Amino acid sequence: MASLLSVRNLSTYFYLEEGVLKAVNDVSFELSENEVLGIVGETGSGKSITVRSIMRLIHYPGKIVSGQIIYRGRGKEEDILKLDEEEMTRIRGKEISMIFQDPLTSLNPLYTIGDQLMETIMQHQDVDRATAWKLAVEMLKKVQIPEPEKRMNSYPFEFSGGMKQRVVIAIALSCNPKVLIADEPTTALDVTIQAQVLELMKELQRELKTGTIFITHDLGVISAMADRVMVMYGGRQMELAPAEDVFHKPMHPYTHMLLKSIPRVDIKQEKLESIPGQPPRMIDVPEVCPFAPRCPRRLDKCSKELPPLEELEPGHYVRCFNPVLGGDKK
Amino acid sequence: MLKYIARRLVILIPELWIITVIVFTLLQLSPGDFLDQYRLDPSVSKETLKAMEREYGLDKPAVVQYFYWLGKVVRFDFGQSFYYRRPVASLIYERLLGTLVLSLYSFVLSWIIGVVLGVVSALKKYTLTDKILTVVAFSGLAVPGFFLALLLLYMAAKTGWFPIGGMYSPENTKMDVWNAFKDIFLRLQLPAFTLTFGGFAGLMRYMRGSLLDVLNEDYVEFARAKGMPERVVIYKHALRNAINPLVTMFGYSLAGLLSGAVITETIFSWPGLGRLTYQALLQKDYYVVMASTVIGTILLVLGNLVGDILLAAVDPRIRYE
């Protein structure tokens, strides 16, 4: 069976005065129904721009320069990048939904929760206000908001951060989208609330079988959520593999070092491992491996040409000339 | 809410009192009084001067004069103008119409033009339209009112397109309604343009900046991600948030409605309160100055109150506090 969403050779550039910033550079991946794909990478690695490109929410001076985003959720193959703006409003929120990082600012402060929920429902489903109200209350119940009827008339400022993120999730899922994109949905929350929200998202994902793209820079979160993981660095995908493989036999040196830099509870460490060097410059980069300057396994050709993304094991793609092969990470 | 409004209105009383004391003191501190021009005139006898001093109450100490005035004001008697020898109330009432016509007209124009162009300029950020509007706005901010007024006066004199000087032509009373209206309307244009050109520019820049800020907010992008059409995103989600800071300004600027525009009124000889107050100030015509101070203060407080009420109406966060 073909996947639900295929991203092929997506490139999104920002045309700045200083030069061209290649935020997303030739990224390809598939997302199936009921699958959770995690995207990890440091700040500025192109995770958010990748998913915003899928929503076509890239604004000047950014531009999606090439690639295809094939969506198969409506019974046919459609290239999202070729749809007109009006058709896009039918995709956004209905077929593909998105949750933003900061729940505190995702809701409009001047409208009630109910209004913002019903607005979405009435935009995409052919229902009257009374039905929309019922559906909205239903959604609030689903995300475990206490006294949902009463809460419909509350304003966002009367909610706590965790409650707001629940509302945002309710809005995003209100029209049963087939794809949900969550862009660091718990980064702005404190740890206990984070766990609750993650638990809720996992439950809803299983129940609704939504294909989910989950962005985070928290590797702990990704290990709990994702079926497959894509590691991004400098606008490129470095590794794409089932979650198990990424955590237990990472092949890309970057992933390898990233995992080593997580502090562990079971071993007392004198010093935290870190990756030496700075995150890459993103403007006017040559076609070479972006990680090469910081890589301990660098070969001569790493800074001369770009390694291809190769399938080294079934389902395990790596972009490296000198991958870490064999043996567990320990 | 009613309690809040009542409280604000009660605060108005001590505020007014303090401001009148300050203004009266300042007037007394500056050297000379209304009668100085008569004292310099050798044809006015000492006896006449004494009689005038007594008539105007200028022979008494300043404190007595103040309370004498205050006692009358609480009975809504604003006293007599020394210069016009008429009750201040009727004098101001007469000028009120002129001021209101001019200031309301340019106020409404400034706000409509300012807000609309601000929105256009923000939505078309960095395009040619935006750049042209920006140049226009900065010229509005940069060109001093008196200079623009003089330019317009010169243009009117050269072309003869607009009648100038005053609010009515001498024949106004003889004209039929339509022509009388047309006369006033044409005479209104140049002073109104002067005031509007200076006024809309600031509002437009303010609106533009505010809307641009809001357009960068997450909830605007989230509204797009929900699949709202761009029309709804901008007019429902962005604009209502962007208008908030302007609502407060709206309240403040209401206060300026009756204070008049001295320079513009003077250059176009428009019969407004600004010119009246200014002349009274020069002639030490105390009670006229005091009356327009009181009006200005009341309007400032009311304007702020209206601004706050409007803000509470548009922003639920204010309402609950």
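It should be emphasised that the depicted structure is a prediction, and the values quoted were computed from it without experimental measurement.

### Section: the overall build of chain A
- Secondary structure summary: chain A contains 11 helices and 12 strands in total.
- For chain A, the spread of C-alpha atoms along the three principal axes comes to 65 × 50 × 45 Å.
- When contacts within chain A are restricted to residue pairs at least 6 apart in sequence, long-range pairs at least 24 apart make up 65% of them.

### Details of the overall build of chain B
- On a plain count of helices and strands, chain B comes out with 15 helices and zero strands.
- Its C-alpha atoms give chain B principal-axis dimensions of roughly 85 × 55 × 40 Å.
- Counting only residues that meet the buried cut, chain B has 31% of its 321 residues in that class.
- Counting only contacts in chain B whose residues sit at least 6 apart along the sequence, the fraction spanning at least 24 positions is 72%.

### Observations regarding the environment of M88 of chain A
Residues and elements named next belong to chain A.
- Note on placement: M88 falls in helix 2 (residues 85–91).
- Between the C-alpha atoms of M88 and M55, which are 33 residues apart in sequence, the distance is 8.2 Å.
- In this structure M88 touches R56 and L83, once residues within four positions along its chain are discounted.

### Points about the interface of chain B and chain A
- With 17 residues of chain B in contact, the opposing surface of chain A contributes 22 residues.
- Per-element accounting of the side of chain B that touches chain A gives the leading share, six residues, to helix 9 (residues 218–225) of chain B.
- Looking at the side of chain B that touches chain A, its residues break down into six nonpolar, three polar and eight charged.

### Let's talk about the pairing of strand 9 (residues 228–233) of chain A
Residue and element names in this part refer to chain A.
- Here strand 9 lies mainly inside the structure; six of its six residues are buried.
- Along strand 9, one buried face is formed by R228, M230 and M232 and the opposite face, lined by V229, V231 and Y233, is buried too.
- With four bridges joining them, strand 3 (residues 36–40) and strand 9 adopt parallel strand pairing. From the neighbouring strand, G38 faces strand 9, where its bridge partner is V229.

### Thoughts on helix 7 (residues 145–159) of chain B
All names here are of chain B.
- With 15 residues, helix 7 ought to run about 21 Å at 1.5 Å a step, and its terminal C-alpha atoms sit 21 Å apart, in line with that.
- Of the positions making up helix 7, those classed as buried are L148, A149 and L152. The buried residues of helix 7 all sit within an arc of 100 degrees when viewed along its axis, so they share a single face. In this structure, helix 7 carries F147, Y154, A157 and K158 as exposed residues pointing more than 90 degrees from its buried face.
- Buried residues along helix 7 sit against helix 8 (177–215) and helix 12 (262–267).
- G160 sits one or two positions beyond helix 7 and adopts a positive phi of about 75 degrees.

### What about the sheet that holds strand 7 (residues 179–183) of chain A?
Residue and element names in this part refer to chain A.
- Across the sheet, which stays open at both edges, the eight strands sit in the order 6-7-8-3-9-10-12-11 with mixed pairing between neighbours. Among the strands making up the open sheet, the edge pair consists of strand 6 (96–99) and strand 11 (309–313). The average angle at which neighbouring strand axes cross in this sheet is 20 degrees, direction not considered.

### Some words on helix 3 (residues 46–56) of chain B
- Of all 11 residues that make up helix 3 of chain B, zero are buried, and the element is exposed over most of its length.
- Two residues or fewer past helix 3 of chain B, G57 of chain B is found with a positive phi of approximately 80 degrees.

### Points about unusual backbone geometry
Residues and elements named next belong to chain A.
- Residue P61 is bonded to the preceding Y60 through a cis peptide linkage, with omega at 5 degrees.
- Inspection of the secondary structure puts P61 in the loop between helix 1 (47–54) and strand 4 (62–71).
- Positive phi, normally seen in glycine, also occurs at E147, with a value near 50 degrees.
- Classification of E147 by C-beta neighbours within 10 Å gives exposed; the count is 10.
- Here the phi dihedral of E184 falls at roughly 45 degrees; this positive angle occurs in a residue that is not glycine.
- On the secondary structure map, E184 appears in the loop between strand 7 and helix 8 (191–208).
- According to the C-beta neighbour criterion, E184 is buried, with 20 such atoms within 10 Å.

### Focus on the nonpolar core
- Formed by 121 residues in total, the largest nonpolar core has its most connected members in A170, I181, F214 and V231 of chain A.
- With 12 residues, helix 8 of chain B is the largest single contributor of residues to this core.
- With sequence-adjacent residues up to four places away left out, F214 of chain A is seen in contact with V36, L37, G38, A182, I222, M225 and A226 of chain A.
- By size, the runner-up hydrophobic cluster in this structure holds 15 residues, among which are L91, L276, A280 and M290 of chain B.

### Description of the environment of A130 of chain A
- Examined against the element boundaries, A130 of chain A turns out to sit in helix 5 (residues 129–142).
- Residues A130 of chain A and M118 of chain A lie 12 residues apart in sequence; the distance between their C-alpha atoms is 9.7 Å.

### What about the sheet that holds strand 1 (residues 5–16) of chain A?
Residue and element names in this part refer to chain A.
- Read across the sheet, four strands follow the order 2-1-4-5 without closing on themselves; strand pairing throughout is antiparallel. The open sheet terminates on both sides in strands that have one partner only, identified here as strand 2 (19–31) and strand 5 (78–79).
- Across nine bridges, the pairing between strand 1 and strand 2 is antiparallel. Note on strand 2: the bridge partner recorded for L10 is V27.

### Side note on the confidence of the model for chain B
- Scored by pLDDT, chain B has a mean of 87; 99% of the residues are at 70 or more.
- Reported confidences for the modelled complex are a pTM of 0.82 and an ipTM of 0.89.

So, how was this worked out
- Residues numbered from 1 in each chain as written.
- Chains lettered and ligands numbered in written order.
- Predicted model: local features only at pLDDT ≥ 70, side-chain atom pairs only at ≥ 80, totals over all residues.
- Helix = DSSP H or I, 4+ residues; strand = E, 2+ residues; numbered from the N terminus.
- Contact = placed C-beta atoms within 7 Å.
- Buried ≥ 20, exposed ≤ 12 C-beta atoms within 10 Å, placed from the backbone.
- Nonpolar A, V, L, I, M, F, W, Y, C, P; charged D, E, K, R; others polar.
- Pairing = 2+ DSSP bridges.
- Expected span 1.5 Å × (residues − 1).
- Arc of directions from axis to C-beta.
- Axes fitted to C-alpha atoms, helices over the stretch in contact; angles between N-to-C directions.
- Core = buried A, V, L, I, M, F, W, Y, C linked by C-beta atoms within 7 Å.
- pLDDT = per-residue confidence, 0-100.

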